[in-house]
Structure formats: structure tokens, C-alpha cells
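The primary structure of each chain is shown beneath.
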Amino acid sequence: MKAGIGQPLSLLLKACPLVDHLSLYDVVNTPGVTADLSHISSVAKIDGFLPADDGMKKAFTGADIVVIPAGIPRKPGMTRDDLFKINAGIVQGLIEGVANYCPDAYVLVISNPVNSTVPIAAEVLTKAGKFNPKKLFGVTTLDVVRAETFVQAITGTKDPAQTVIPVIGGHSGETIVPLFSQAKPSVDIPKEKLDDLTKRVQFGGDEVVKAKDGAGSATLSMAYAGYRFAERVMQAAKGKSGVVESTFVYLPGVDGGDAIAKETGCQYFSVPVELGPQGAVKAHNIVGSANEYEKGLLQACYDGLKGNIEKGIDFVKNPP
Ligand code: NAD
Ligand code: LMR
């Protein structure tokens, strides 16, 4: 396990009182990371596995939630779609493991390109007869976290996370659509600042990739975002009501999703989703509430997103 997202995310999960057992799986370094984390005096029991000796089977069996941040990250000049060639197969292999060893688990996909890896996951699970759309999520929380953070420069609120901003669509460039008009409490963004703010959310990942200068993409902010989403899923699973978070789901499989699929022409889309004890309870149709400026952004989102989704589905249906 490299330093990437996996290590800081594992640290947060090891310290989380909602986690009773943390099982790590990677093709390298898992024993060292596991030994290190095992000295933390939190309730979560921990173990870690490499592929040898049925490691995946041991890691996945009995899991309630599988969080997947496996795969290569971007370097400057790359798009997320450039990662498809390598990451598609990695995600496919891990989801086959889910289908075999923990088919009832929640699956949280972080690996890029999320717009394609989530359809890949759905297709693999469908092929195995194990697809539960209410439990498969593409993690787009980092876009929400960025929107909350970047808008603070305008609102000046003390705690940025108190402003809820839906970010919908997909997870790459123009497919990321922040709906500042739907912020709660409402935010007043001067017209001349809206373009820059929107672009900063859409291309926040590129900002980090550029700053890291060849050493990868967002890892610490992603670990925070991944933890936040996993925590919300666990809270809802344990009965907390009113848990809503934007996430990339298979719309026809979630209540309320059909209308959004019809309106957007996309089978997969990130929208605010209410979570409950069995996973996704309801997809909130916020698309129709977008203002004219945001409707323009949505038009640009649809085409790119549909292509990314098709590419993922095709990878499983018609293997290269
Ligand atoms: P990294 O290279 O630091 O870590 C990836 C890890 O995956 C490595 O430890 C590697 O050994 C492991 N791995 C490779 N093949 C594997 C396999 N078959 N089984 C298990 N583990 C395997 O990369 P990172 O910075 O942690 O990023 C990981 C992925 O997350 C990238 O695809 C990146 O683009 C994506 N990402 C997504 C978001 C998001 O918002 N969804 C944000 C940041 C990064
Ligand atoms: C991000 O949004 O930071 C991630 O998707 C990583 C990347 O490639 O930008």
C-alpha cells in the first residue's frame, strides 16, 4: 500500500468508533501499514492481506463495506479517462472479489475514472447476479468538499462544512456541476465571481495534480472526503435518519432515479441521495431546480458523461 489515499483513509477508519473491524488489502506493503495502525488504541480490530494465500478472500469475507481507492493516479497533462486503461481492469478484479466473497456489502468506488469505474462495477456485479444498486456508490464527496471550501472565500462563514452545496453529474472536469443556487443556507455569489468559482470546483483535482508535479493527485483531502462518505453510510446503516450526501449512483435502481435518468439521459449520475439502513433510499431530483447558468453547465455535462458511462459498460460487455 503506497502512501496515497489508502493509508490516511485507513488511519481515519481505524480511529472511527463506528468501525469494529478494518481489513486492508493491497498488492504491496499491507503488512507494514497494518502493523503500524494496529498499535492505535481504538476499538477497530485490524488485519491486512496481500494477494498471496487467498488474501483477497480473507480480506473481503464478512465485509459490510468495501472502499476501493486502488489504481494509478494522474500526472500533469493527463485526464482521468487516461487512467481507464489500467484502472478498469483493477476495479473489475476487485469487484469480482466482492461478488464472490461479500456480495451484500456496500461498495464505495474511489478509483478513477469514477464516471466509468462505477458502471464497470455494476456490470461485473450484474454478470455475477449480485448487483444491488442501492449499495453501489461512486464517491464524489471531494467535489462537495471543494465547493464548500472554495465558496467560503465569498461567504466568509467560520465553518465551511455548514454550507451544504449539491454537486451533481459526474466526477471529471465539465461533468462536475456545482449547484450554488441550491446551497443551504443560500449563498450570494457576485456574478463576476461565479465562473471562476465553478471552474475551480470542476478542475480542483487538476490544481492538486499540478502542485504535486508528478507525485500523484489528491490523497489527504480525498481520504477526508472518502471517510466522510463512509461515515455517513455507516451512520445511516445503523439507523440515523436524514442522512443525505451527493453520490454517483445507477439511477434506475434507486427510488426517484428514473425521473432523473429521463431528464438527463444518463443512467448514472451524482445527485443528493438519502441513505438508510439498506443503502440508498431516495435520489433527490435537484436537476430541475438548477438556474439558467447551471442548466448550461448541465448540457455540457451530459455528453461527456454518457460517453464515459458507455465506455465502462462496454469494457465488461465486450472485453478488449
Ligand atoms: P496510489 O498509487 O498512491 O495508490 C493506489 C494503490 O492501489 C497502491 O497502493 C497500489 O498498490 C494499489 N493497487 C494497485 N492495483 C491493485 C489491485 N489490483 N488490488 C489492490 N490494490 C491495488 O494512488 P492514490 O493517489 O491513492 O489514488 C488511487 C485512485 O484514486 C486513483 O485512481 C485516483 O485517480 C483516484 N482518486 C479518486 C478521487 C475521487 O474523488 N473519487 C480523488 C483522488 C484520487
Ligand atoms: C480529484 O478530483 O482530486 C481526483 O479525482 C484525482 C484527480 O485525478 O484529479
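Residues numbered from 1 in each chain as written. Chains lettered and ligands numbered in written order. Predicted model: local features only at pLDDT ≥ 70, side-chain atom pairs only at ≥ 80, totals over all residues. Heavy atoms only, no water.

**Brief notes about the environment of Val107**
Thinking step 1. Mapping Val107 onto the fold places it in strand S4 (residues 106-109).
Thinking step 2. Of the residues examined, Val107 reaches a relative accessible area of 2% and is grouped as buried.
Thinking step 3. Residues Val107 and Ala230, 123 residues apart in the sequence, show an inter-C-alpha distance of 9.8 Å.
Thinking step 4. Beyond its immediate chain neighbours, meaning those up to four positions away, Val107 contacts Val66, Ile68, Ile95, Val98, Lys135, Leu136 and Phe137. (Helix = DSSP H or I, 4+ residues; strand = E, 2+ residues; numbered from the N terminus. Buried < 20%, exposed > 50% of the residue type's maximum accessible area, 1.4 Å probe, protein only. Contact = heavy atoms within 4.5 Å.)

**What about helix H9 (residues 220-237)?**
Thinking step 1. With 18 residues, H9 ought to run about 26 Å at 1.5 Å a step, and its terminal C-alpha atoms sit 25 Å apart, in line with that.
Thinking step 2. Met222, Ala223, Ala225, Gly226, Tyr227, Arg228, Phe229, Ala230, Val233, Met234, Gln235 and Ala236 are the residues of H9 that are buried.
Thinking step 3. Positive backbone phi, approximately 105°, marks Gly239, located one or two places after H9. (Expected span 1.5 Å × (residues − 1).)

**What about the pattern of salt bridges?**
Thinking step 1. Overall, the coordinates contain eight salt bridges when judged by the stated rule.
Thinking step 2. Of the charged contacts in the structure, one is a salt bridge between Arg74 and Asp206, with a shortest N-O distance of 3.2 Å. Remark: Asp206 occurs in helix H8 (residues 204-212) and Arg74 occurs in the loop between strand S3 (65-68) and helix H4 (84-101); sequence separation between them is 132 residues.
Thinking step 3. In this structure Arg74 comes out as buried when scored by relative accessible area, which is 5%. (Salt bridge = Lys/Arg side-chain N within 4 Å of Asp/Glu carboxyl O.)

**Section: the site of ligand 2**
Thinking step 1. Residues in contact with ligand 2, as listed here, are Arg74, Arg80, Asn112, Leu142, Arg146, His171, Gly205, Ser217 and Ala218.
Thinking step 2. Between ligand 2 and Arg74 there is a distance of 2.6 Å, counted from an oxygen atom to a side-chain nitrogen or oxygen.
Thinking step 3. Asn112 places a side-chain nitrogen or oxygen 2.8 Å from an oxygen atom of ligand 2.
Thinking step 4. Taken together, the residues of the shell around ligand 2 sort by class into two nonpolar, four polar and three charged. (Near = heavy atom within 4 Å. Polar contact = N/O pair within 3.5 Å; in protein donor to acceptor, adjacent residues only side chain to side chain. Nonpolar A, V, L, I, M, F, W, Y, C, P; charged D, E, K, R; others polar.)

**Quick look at unusual backbone geometry**
Thinking step 1. Residue Pro113 is bonded to the preceding Asn112 through a cis peptide linkage, with omega at -5°.
Thinking step 2. Inspection of the secondary structure assignment puts Pro113 in the loop between S4 and helix H5 (114-127).
Thinking step 3. A cis geometry characterises the amide bond from Lys184 onward to Pro185, with omega recorded as -5°.
Thinking step 4. Within the secondary structure layout, Pro185 lies in the loop between strand S7 (176-178) and helix H7 (191-202).

**Considerations on a nonpolar patch on the surface**
Thinking step 1. A surface patch of nonpolar side chains, about 210 Å² in accessible area, is lined by Ile72, Ile86 and Ile90.
Thinking step 2. Relative to the helices and strands, Ile90 resides in helix H4.
Thinking step 3. Judged by its relative accessible area of 31%, Ile90 is partly exposed. (Patch = residues over 30% accessible without salt bridge, like charges linked within 9 Å, V, L, I, M, F, W, Y side chains within 5 Å. Areas by Shrake-Rupley, 256 points an atom, 1.4 Å probe, with all protein chains shown as cover.)

**Quick word on the nonpolar core**
Thinking step 1. One finds Ile168 and Phe269 to be the most contacted residues of the largest nonpolar core, which totals 83 residues.
Thinking step 2. Here Ile168 is in contact with Thr175, Ile176, Val177, Leu179, Phe269, Ser270, Val271, Pro272, Ile286, Val287 and Leu298, once residues within four sequence places are set aside.
Thinking step 3. Grouped together as the second largest cluster of nonpolar side chains are 14 residues, Val144, Ile165, Ile176 and Ile189 included. (Core = buried A, V, L, I, M, F, W, Y, C linked by side-chain atoms within 4.5 Å.)

**Describing the environment of Val98**
Thinking step 1. With respect to the helices, strands and loops of the structure, Val98 is situated in helix H4.
Thinking step 2. In this structure, the C-alpha to C-alpha distance between Val98 and Val124, residues 26 residues apart in sequence, is 9.7 Å.
Thinking step 3. Filtering out sequence-adjacent residues up to four positions away, Val98 remains in contact with Phe60, Val66, Pro103, Val107 and Leu125.

**Section: the packing of helix H1 (residues 6-14) against H9**
Thinking step 1. At a minimum axis distance of 8 Å, the contact between H1 and H9 shows a crossing angle of 35°. Pair H1 / H9 crosses with right-handed handedness. Two secondary-structure elements touch here, H1 through Pro8, Leu9, Leu12 and Leu13 and H9 through Leu220, Ala223, Tyr224, Gly226, Tyr227, Ala230 and Met234.
Thinking step 2. Classifying every residue of the contact of H1 with H9 gives ten nonpolar, one polar and no charged. (Axes fitted to C-alpha atoms, helices over the stretch in contact; angles between N-to-C directions. Left-handed = near helix turned anticlockwise from the far one by under 90°.)

**Quick word on the packing of helix H6 (residues 141-155) against H9**
Thinking step 1. The geometry of H6 relative to H9 is characterised by a closest axis approach of 8 Å and an angle of 110° between their N-to-C directions. By the angle between their axes, H6 is roughly perpendicular relative to H9. Facing Thr141, Leu142, Val144, Val145 and Glu148 of H6, the residues of H9 in contact are Ser221, Met222, Tyr224, Ala225, Arg228 and Phe229.
Thinking step 2. Looking at side-chain class alone, the contact of H6 with H9 contains seven nonpolar, two polar and two charged residues. (Parallel < 35°, antiparallel > 145°, perpendicular 65-115°, else oblique.)

**What to know about the confidence of the model for the chain**
Thinking step 1. Taken residue by residue, the chain gives an average pLDDT of 97. The fraction at 70 or more is 99%.
Thinking step 2. By mean pLDDT, H6 is the weakest element of the chain at 95, and strand S5 (residues 136-138) is the strongest at 99.
Thinking step 3. This prediction of the complex comes with two scores: 0.98 for pTM and 0.99 for ipTM. (pLDDT = per-residue confidence, 0-100.)

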